Amino acid sequence: MKHIGVKLSLYLNYFVFAILLNSVGIVILKSLNNYGVDETTASVLEAFKDLPIAIVSFAIASFLPRIGYKKAMLIGLAMVTVACIAMYYGNTFDTAKILFATVGAAFALIKVSVYSTIGLVTNSTKEHNSLMSSIEGFFMVGIALAYFLFPAFNTEGEPDAWLNVYWLLAALSAVSFIILLFTKFEKEAEIPGADLKEDFLEMFKLLARLLIIVFVISAFLFVMIEQGIMSWLPTFNNKVLGLTENLGIMMSSILALSLAAGRLLAGVLTRKISWIYVLSACTIGAMLLVVFVLPKTVGLNVGEISSLRDIPAIGFAFPLVGLFIAPIYPLLNSVVLSALPKRVHSPMTGLIVIFSALGGTFGSRIIGYLFETKGPENAFYFTLIPMTVLLVFYFILKKLTEKDVLQG
């Protein structure tokens, strides 16, 4: 099979990073229980992950083609391998911050390189779409697996046992590094580095337009909701439902799986139904879950729980919010990018990455603050505020995109 080494490396890269990037909620819970930090302090881990992604993603766009995608991926994998080993030996909250900062910066290198490399190893649009979809799908598998992988290394009575998972993650990164190192790439296309000053100017020009302002605020609000829930759901399960760490983490996999299912389902629905109806229905559904299901979950008397089978059915209901919020982000991106001329897609992508990262940072930070000040049983109710704003913004975006104000 042609390019099998390159493709295998791409899959491994995304798989490892899916586990690491989405382990923030797990490490937040361990930080509360093992390192003695409070909720507001623990929430900073999301910023250490997201801000390097935003900064490095934008910065490397101008010179990454000059370095080469293979070298960039090797650098990213080497960084993560070292960071995982450092986390094992460091075993402190400060080490966790360094780990996520490294993972964020490395993922920026990996993501841009993977997306560019797909074009080098595919020969048609269908091939490109197929490989891109399967790699992104594998990313979702890694997200779900994280919620089972970490508990597998977590042993009651041994607070440091969970750190052994980082040896496995370091090994996976090292294997991917070796495969990639000895894989022969076809000569990469000669792409002149972009002008960083021009990129900045183009971004500021875009931000002067109402459609882009409404969109980036919408992207910010969505990621704030998604990352706020995803990062704090393991802690919610532990503190509110009274589940053990392992069960609380495994229960959180329902959110990741429902996010994957929601995006696949939305892809089918939007072929026949207008995006605004899909997003409006999904957002209202998410709000109804928060209003009617969350209170029953908070008031749930679970009693003695020894396995997932012992949890009452209502306990599984709230994580299904992922099914409703999943379509929001990709559909918003699609709607706005399709309203833009292709020449501004690059700076627009930069804006998407930056505001998404800021949304994730603030979302985790705000929910962490609410966990500490309003109680873990009340924190998720505040997601109703950004959901309501999003519902209004959909109709504004619909009106603005119909005017084609950015065409030409």
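Residues numbered from 1 in each chain as written. Predicted model: local features only at pLDDT ≥ 70, side-chain atom pairs only at ≥ 80, totals over all residues. Heavy atoms only, no water.

Focus: the overall build of the chain
Moving on, step 1. Helices and strands together make up the secondary structure of the chain, namely 18 helices and 0 strands.
Moving on, step 2. Looking at the chain residue by residue over its 408 residues, the buried ones come to 56%.
Moving on, step 3. Here the contacts in the chain between residues at least 6 apart in sequence split such that 84% fall between residues at least 24 apart.
Moving on, step 4. When the accessible surface of the chain is split by element, carbon and sulfur atoms take 66% of a total near 17500 Å². (Helix = DSSP H or I, 4+ residues; strand = E, 2+ residues; numbered from the N terminus. Buried < 20%, exposed > 50% of the residue type's maximum accessible area, 1.4 Å probe, protein only. Contact = heavy atoms within 4.5 Å. Areas by Shrake-Rupley, 256 points an atom, 1.4 Å probe, with all protein chains shown as cover.)

A word on the packing of aromatic side chains
Moving on, step 1. Per the counting criterion, the structure on display carries 15 aromatic pairs.
Moving on, step 2. Pairing F222 with Y329 gives two aromatic rings, centres 5.7 Å apart and planes at 20°, and the pair type is stacked. With F222 in helix α11 (residues 210-239) and Y329 in helix α16 (residues 328-338), this pair connects stretches of sequence that are 107 residues apart.
Moving on, step 3. For Y329, a relative accessible area of 18% puts it in the buried group.
Moving on, step 4. Ring geometry for F236 and F380: centres 5.3 Å apart, planes at 45°, overall tilted. (Phe/Tyr/Trp six-rings, centres within 6.5 Å; stacked < 30°, edge-to-face > 60°.)

Some remarks on the nonpolar core
Moving on, step 1. Core analysis: the biggest nonpolar cluster contains 126 residues, and F17, Y166, L169, F215, M348, F380 and Y394 have the highest contact counts within it.
Moving on, step 2. Per-element tally for this core: the top contributor is α11, with 17 residues.
Moving on, step 3. In this structure, M348 is in contact with L206, I212, F215, V216, L337 and L340, ignoring residues within four places of it in sequence. (Core = buried A, V, L, I, M, F, W, Y, C linked by side-chain atoms within 4.5 Å.)

Section: the pattern of salt bridges
Moving on, step 1. Scanning the model with the defined rule gives 4 salt bridges in all.
Moving on, step 2. As a salt-bridge pair, K49 and E46 come within 2.8 Å of each other at their nearest N and O atoms. In this pair, K49 and E46 both sit in helix α4 (residues 44-60), 3 residues apart, roughly one turn of the helix. This pair shows no difference in class: K49 is buried, exactly as E46 is.
Moving on, step 3. Ionic pairing is found between K97 and D94, a salt bridge with its closest N-O pair at 3.1 Å. Of the two residues, K97 and D94 both sit in helix α7 (residues 93-121), 3 residues apart, roughly one turn of that helix. (Salt bridge = Lys/Arg side-chain N within 4 Å of Asp/Glu carboxyl O.)

Considering helix α18 (residues 384-402)
Note: α-helices contain 3.6 residues per turn, so residues at a spacing of three or four share the same orientation.
Moving on, step 1. Taking 1.5 Å as the rise per residue, α18 with 19 residues should run 27 Å; its terminal C-alpha atoms sit 28 Å apart, in good agreement.
Moving on, step 2. Among all positions in α18, only P386, M387, L390, L391, F393, Y394, L397, L400 and T401 are buried.
Moving on, step 3. In this structure, the buried residues of α18 make contact with α11, α14 (275-298) and α16. (Expected span 1.5 Å × (residues − 1).)

Notes on α11
Moving on, step 1. The end-to-end C-alpha distance of α11, which contains 30 residues, comes to 42 Å, matching closely the 44 Å that a straight helix rising 1.5 Å per residue would cover.
Moving on, step 2. The axis of α11 is deflected most strongly, by about 45°, at L233, and proline P234 appears within four residues downstream.
Moving on, step 3. Most of α11 is tucked away, with 26 of its 30 residues classed as buried. (Bend = angle between axes of the 7 residues up to and from the residue.)

Topic: a nonpolar patch on the surface
Moving on, step 1. A surface patch of nonpolar side chains, about 390 Å² in accessible area, is lined by L265, L269, I273 and Y277.
Moving on, step 2. Relative to the assigned elements, L265 resides in helix α13 (residues 253-269). (Patch = residues over 30% accessible without salt bridge, like charges linked within 9 Å, V, L, I, M, F, W, Y side chains within 5 Å.)

Brief notes about the side chain of N246
Moving on, step 1. Topologically, N246 is positioned in helix α12 (residues 245-251).
Moving on, step 2. Assessed through its relative accessible area of 14%, N246 is described here as buried.
Moving on, step 3. Sequence-distant contacts of N246, that is, excluding residues within four places in its chain, are made with P151 and N154.

Here's the deal with the environment of A101
Moving on, step 1. Residue position: A101 is located in helix α7.
Moving on, step 2. Taking the relative accessible area as the measure of exposure, A101 reaches 23% and is therefore partly exposed.
Moving on, step 3. Each C-alpha atom of the pair A101 and D50 lies 7.9 Å from the other, and the pair is 51 residues apart in sequence.
Moving on, step 4. Setting aside residues up to four positions removed in sequence, A101 forms contacts with F48 and P52.

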